[in-house]
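Each chain is listed here by its residues.
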Amino acid sequence: MFEKIVLASGNAGKLKEFARLFAERGSEILPQSQFDTPECPEPHPTFLENALAKARHAARHSGLPALADDSGICADALGGAPGIHSARYAGEHPKSDAANNAKLAADLAGKADKSCYYVCVLVLVRHPDDPQPVVAEGIWRGQWKNTPAGEHGFGYDPHFYLREHGCTAAELDPDIKNRESHRAQALRELMKKIEAL
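All figures in this text were calculated on a predicted structure; none of them were measured in a lab.

Student: Mind showing me how you'd approach the sheet that holds strand 6 (residues 160-162) here?
Tutor: In space, the seven strands of this open sheet follow the order 2-1-3-4-5-6-7, with mixed pairing throughout. Sheet topology places strand 2 (28-31) and strand 7 (167-168) at the edges, where each strand pairs with a single neighbour. Both strand 6 and strand 7 contribute to a ladder of two bridges, which runs antiparallel. Its bridge partner lying in strand 7, Y161 is registered against T168. Here helix 1 (residues 12-23) sits on the sheet and contacts strand 1 (4-7), strand 2, strand 3 (66-75) and strand 4 (115-125); the angle it forms with strand 2, its principal contact strand, is near 160°.

Here it is as structure tokens:
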């Protein structure tokens with residue numbers, strides 16, 4: 001396992017989640033801001049390509065192995081939107097969870113199909129030009145719920161209803177979320193692949 005890994009993200013929620021999950025495995029997760037890493041462009045049409053670009057970018061600036069995730073929510077009735085645009089769905093200035101949620105609620109308002117799913121693609125590179133990045137993916141299925149509920153989580157979690165738990169992801173016990181979420185699934189797969197290196 002790697003002693004230190006830089007996380008290619010400025011998202012405080014993700015940093016907290018990854019730091020906790022990796023600490024159990026003896027790895028320290030450092031934010032890319034510690035290395036004055038500028039934001040990486042994400043011009044690609046897929047979660048995988050954007051995650052890979054971010055991981056290489058963070059490794060180049062930090063000199064450390066880097067982990068990037070690209071994740072988002074996809075609504076079936078919208079052909080997978082917002083998808084890679086989840087963080088900026090309602091626009092860039094300012095970027096806001098509340099505005100993103102309001103836009104997705106409006107876009108789904110007239111749709112009978114409220115099924116949606118979170119996607120997480122994780123990419124770990126040992127160095128910027130790693131020819132064999134470690135890639136893992138997780139998918140977490142739920143239903144869009146118009147009325148937000150819950151205090152935990154971030155992003156679209158207050159609207160992401162999990163039928164099997166009878167609550168939203170934001171109401172779910174954080175320990176259960178850390179076992180079942182798209183990010184947790186991807187991380188389990190990533191760990192298996194890292195251990196096999």
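Student: How should I be thinking about the packing of aromatic side chains in this particular structure?
Tutor: Aromatic rings in a pair are described by how distant their centres are and how their planes are angled relative to each other. According to the stated counting rule, one finds four aromatic pairs in the structure shown. Grouped by ring-pair contacts, the aromatic residues Y118, W140 and F160 constitute a single cluster. The ring of Y89 carries K103 above its face, with NZ or CZ at 4.7 Å from the centroid.

Student: Got a minute to help me understand the pairing of strand 1 in this structure?
Tutor: Two faces make up the sheet, and in a regular strand the side chains alternate between them. When strand 1 meets strand 2, the two strands line up parallel, connected through four bridges. Paired with V6 across the bridge in strand 2 is L30. A crossover connection joins strand 1 to the parallel strand 2 through helix 1; in handedness this β-α-β unit is right-handed. Where strand 1 lies against strand 3, two bridges are found, and the strand directions are parallel.

Student: Got a minute to help me understand the pattern of salt bridges in this structure?
Tutor: Opposite charge on two side chains permits pairing when their charged atoms draw close. Evaluated as defined, the whole model comprises 13 salt bridges. In this structure, the salt-bridge partner of R88 is E39, at a minimum N-O distance of 2.8 Å. Placement of R88 in the loop between strand 3 and helix 3 (97-108) and of E39 in the loop between strand 2 and helix 2 (47-62) is noted, with a sequence separation of 49 residues between them. Owing to a relative accessible area of 26%, R88 belongs among the partly exposed residues under this scheme. The class of E39 is exposed, set by a relative accessible area of 59%. Close ionic contact of K193 with E189 constitutes a salt bridge, the shortest N to O distance being 3.3 Å. A residue pair is termed a helical-turn pair when its members lie 3 or 4 positions apart in one helix, as K193 and E189 do in helix 5 (residues 182-195) at four residues. Since its relative accessible area comes to 37%, K193 is described here as partly exposed. A relative accessible area of 28% places E189 in the partly exposed class. One network of salt bridges, in which partners are shared, links K14, D69 and R183.

Student: Can you walk me through the environment of C120 in this structure?
Tutor: Residue position: C120 is located in strand 4. By relative accessible area, which is 0% here, C120 ends up buried. In this structure the C-alpha to C-alpha distance between C120 and E42, which are 78 residues apart in sequence, comes to 15 Å.

Student: Sorry if this is basic, but what is going on with unusual backbone geometry here?
Tutor: Here the residue pair A81 and P82 is connected by a cis peptide bond, since its omega of 0° sits within 30 degrees of zero. One can find P82 in the loop between strand 3 and helix 3. For D36, which is not glycine, the phi torsion reads 50° and is therefore positive. Residue placement: D36 occurs in the loop between strand 2 and helix 2.

Basis of the calculations
Residues numbered from 1 in each chain as written. Predicted model: local features only at pLDDT ≥ 70, side-chain atom pairs only at ≥ 80, totals over all residues. Heavy atoms only, no water. Pairing = 2+ DSSP bridges. Helix = DSSP H or I, 4+ residues; strand = E, 2+ residues; numbered from the N terminus. Contact = heavy atoms within 4.5 Å. Axes fitted to C-alpha atoms, helices over the stretch in contact; angles between N-to-C directions. Phe/Tyr/Trp six-rings, centres within 6.5 Å; stacked < 30°, edge-to-face > 60°. Lys NZ or Arg CZ within 6 Å of the ring centre and 35° of its normal. Right-handed = clockwise from strand over helix to strand, strands pointing away. Salt bridge = Lys/Arg side-chain N within 4 Å of Asp/Glu carboxyl O. Buried < 20%, exposed > 50% of the residue type's maximum accessible area, 1.4 Å probe, protein only.

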